[in-house]
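Summary of the model geometry
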Amino acid sequence: MVLVLFLLGIVIFVEIVLLIILLSTLKANIQNKKVQIGIYLFGKIPIIKINLNKKKINERFKKIRKNNKFKLDKDTFKIIKKLSTKIERLDLDLKIGTEDAAHTAFAVWTINTAISVLLPYVVERKNYSKIKYQVKPIYNGKKQMNIKLNSIIYVKMVHIISIIYIVLRKRRDDKYGRASNRRAYAHSYE
């Protein structure tokens, strides 16, 4: 009887942990030179927080480059699109300058247009008041860029888990291939 209660307790504990993971959100709070990554229950209650500075981020990118396991291809962009990343807050002040005034004006126009076209897809309507951005030209004949960024980006853990599942399934199919003699096609050679 004690063993049954112990196993039931383990099952209930595992189910609660899985439920917490499924109901949580991964948020990245980006400020000029600091990044704080955290997992929040219901998007509000912090469970885990990790602070990263510029040095730690550069070290992580160097490790990823050394491993060369990360490839940017068509499938990677499909997977990133399925993540459905959202922006909760954006405060961007971007100043751009090039050697030619026409190129500077075109760059500012292009960036402003791209941001204004993409924002409705990544910002929920309730967060529109928290979105501010400015892209200004610098006309001094030099290549120059000044960025001040304060933003919160979030992804629901359910989407991350589904992407991990898709990637693992794809790797398995690539590694072992698919058998041509599955049940429906078992006698297709005749």
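So, here is what we can say about the structure in this document. (Residues numbered from 1 in each chain as written. Predicted model: local features only at pLDDT ≥ 70, side-chain atom pairs only at ≥ 80, totals over all residues. Heavy atoms only, no water.)

**Some points on helix α4 (residues 101–122)**
Definition in use: A helix here means a DSSP run of H or I that spans at least four residues, while a strand means a run of E at least two residues long, and both kinds are numbered starting from the N terminus. A helix is expected to span 1.5 Å for every residue after the first. Accessibility here uses a 1.4 Å probe with only protein chains present; expressed as a share of the type maximum, an area under 20% marks a residue as buried, one over 50% as exposed, and anything in between as partly exposed. Working rule for contacts: check all heavy atoms of both residues, and any pair within 4.5 Å makes them a contact.
Spanning 22 residues, α4 covers 32 Å between terminal C-alpha atoms, matching the ideal 32 Å at 1.5 Å per step. Those residues of α4 that sit buried are T104, V108, I115 and L119. Looking at the packing, one finds that the buried side of α4 touches β4 (86–97) and β5 (131–137).

**Notes on the pattern of salt bridges**
It is possible for side chains of opposite charge to pair when their charged atoms get near one another. So the rule is basically this: A pairing counts as a salt bridge when a side-chain nitrogen of Lys or Arg comes within 4 Å of a carboxyl oxygen of Asp or Glu.
On inspection of all chains with the given rule, the structure shows two salt bridges. Here E88 makes a salt bridge to K27, at a shortest N to O gap of 3.0 Å. Taken together, the positions of E88 in strand β4 and K27 in strand β1 (residues 24–31) put the pair 61 residues apart, joining distant regions of the chain. You can call E88 buried: its relative accessible area is 16%. Overall, K27 belongs to the buried group, its relative accessible area being 12%. The closest approach of N and O atoms between E124 and K126, which form a salt bridge, is 3.8 Å.

**Concerning a positive patch on the surface**
To be explicit about the condition: Here the term patch refers to residues with relative accessible area over 30% and no salt bridge, with like charges joined within 9 Å and nonpolar side chains (Val, Leu, Ile, Met, Phe, Trp, Tyr) within 5 Å. For every accessible area listed, the method is Shrake-Rupley and the probe measures 1.4 Å; residues are considered covered only by the protein chains on display. His is not counted here, nor are the chain ends, while Lys and Arg score as positive and Asp and Glu score as negative. Each charge is placed at NZ for Lys, CZ for Arg, CG for Asp and CD for Glu.
Taken together, the side chains of K74, K78, K82 and R169 define a basic patch exposed on the protein surface. No other element matches helix α3 (residues 74–82), which puts three residues into the positive patch. As for its position among the elements, K78 is in helix α3. According to the relative accessible area criterion, K78 is partly exposed, its value standing at 47%.

The values reported here are purely geometric and, on their own, carry no functional implication.
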